[in-house]
Amino acid sequence: MKITSTQKILGAQVEGLDLSLALSEAQVASLITALGTHGVLEFTNQTLTTAQLKAFSERFGELYVSPGGRAQAEGFPEVMILSNMVQDGKPLGIGDAGQSWHTDMSYSNMIAFANVLHGTVIPQRDGKPLGATQFRNTQAVYNDIPQELKERLANKTITHDFNKFWDMMRSRPGSVRPALSDEEKRKRPPVDHPIFLTHPITRQKVLYANPGYAMKINELSQQESDEILEYLFALQMQDKYLYTYHWEKDSLLMWDNIGTMHNAVADYGPDEHRYIRRCQVMATHFYGDQGTLAPIFF
Ligand code: OGA
Ligand code: MN
């Protein structure tokens, strides 16, 4: 296996692996280390069945099954379909997933470790791929927070709420997202996490405050919290933390959900088709206690 950094703020290409075959323990360990180091791993020319995608993904932690049951692959509740394609009048998947900056599952007690996405249909225009996935390096963001603010915010916690992202997406013109039922809301109540997490692989601190789900810094007044979150969200938006991944057909993309946040670029139309299968890997291998998120170092 050969891992080559993009030489940018995030990202590395991984060559020499056929992900349809079972990896050795040593290969899995190398990929975990690389994920911590590079944040985003890119594998090209992978032909995978849904079962093979699931088998690869679950080597890294428990796979999440969305309680809504939306857009699950036939026979595989752990595999979600991201797609704007429609067949016989039925959407094949979720068309607007992730189209704003966020960190997956920050609204859950057990947070996400990684995502694994395999793209089989990639929208194109004038020979260029559309529907890129963008990332920001939250480890680099942490390092740049002024020392005084780091000290002031140490040991503070943030409330994260699933509803925030859902409602924001629903309010967009043309959204087909339904209102969440009370039952769905009950299944995903708001949760607290430390504002700074220690990354279980790199052991570096990261800013864990994404605009998609972060609601409030609990220990501060509403006004102070609003001001500081606005400052932190703006800080993260600087170009120097940004990495953009351009999809290729049959590529597999794996990213670290602790050291990065991400955004799906919505620059393609309904007739420009995208079809991606996805597994959400939870951080079950890295956190012992769901309540406190004490990291188990790799
Ligand atoms: C996700 C997500 C980004 C994309 O799968 O969690 O945000 O580009 N997807 O599809
Ligand atoms: Mn996402």
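Everything here concerns the structure above.
Residues numbered from 1 in each chain as written. Chains lettered and ligands numbered in written order. Predicted model: local features only at pLDDT ≥ 70, side-chain atom pairs only at ≥ 80, totals over all residues. Heavy atoms only, no water.

A few words now on unusual backbone geometry. Despite not being glycine, N45 has its phi angle at roughly 50°, a positive value. The topology assignment puts N45 in the loop between β3 (40–43) and α2 (50–57). Looking at N45, the relative accessible area reads 64%, which means it is exposed. Its identity as a non-glycine residue notwithstanding, R203 has a phi of 65°, on the positive side. Along the chain, R203 falls in the loop between β14 (196–198) and β15 (205–207). (Helix = DSSP H or I, 4+ residues; strand = E, 2+ residues; numbered from the N terminus. Buried < 20%, exposed > 50% of the residue type's maximum accessible area, 1.4 Å probe, protein only.)

Take the packing of aromatic side chains next. Enumeration over the complete set of coordinates arrives at 10 aromatic pairs. Both rings, one in F113 and one in F286, keep their centres 4.4 Å apart while their planes meet at 40°; by these two values the pair is tilted. Placement of the pair is F113 in strand β8 (residues 112–121) and F286 in the segment after β20 (275–282), with a sequence separation of 173 residues. For the pair shown, F113 and F286 are each scored as buried. Ring geometry for Y142 against F196: centres 4.9 Å apart, planes inclined by 80°, an arrangement best described as edge-to-face. Placement of the pair is Y142 in helix α3 (residues 138–144) and F196 in strand β14, with a sequence separation of 54 residues. When its relative accessible area of 12% is taken as the criterion, Y142 is described as buried. Sitting above the plane of the W101 ring, R136 keeps its charged end 4.4 Å from the centroid. (Phe/Tyr/Trp six-rings, centres within 6.5 Å; stacked < 30°, edge-to-face > 60°. Lys NZ or Arg CZ within 6 Å of the ring centre and 35° of its normal.)

Generally speaking, soluble globular proteins have nonpolar side chains that are buried together. Residues F113 and M254 are the most contacted members of the largest nonpolar core, which totals 48 residues. Per-element accounting of this core gives the leading share, five residues, to helix α1 (residues 25–38). Residues in contact with F113, not counting those within four places in the same chain, are I32, L35, F60, I201, W255, D256, N257, I258, V281, M282, A283 and F286. Within the second largest apolar cluster, 20 residues are counted, among which are I158, I195, A209 and A214. (Core = buried A, V, L, I, M, F, W, Y, C linked by side-chain atoms within 4.5 Å. Contact = heavy atoms within 4.5 Å.)

Purely spatial values, then, with no claim about function.
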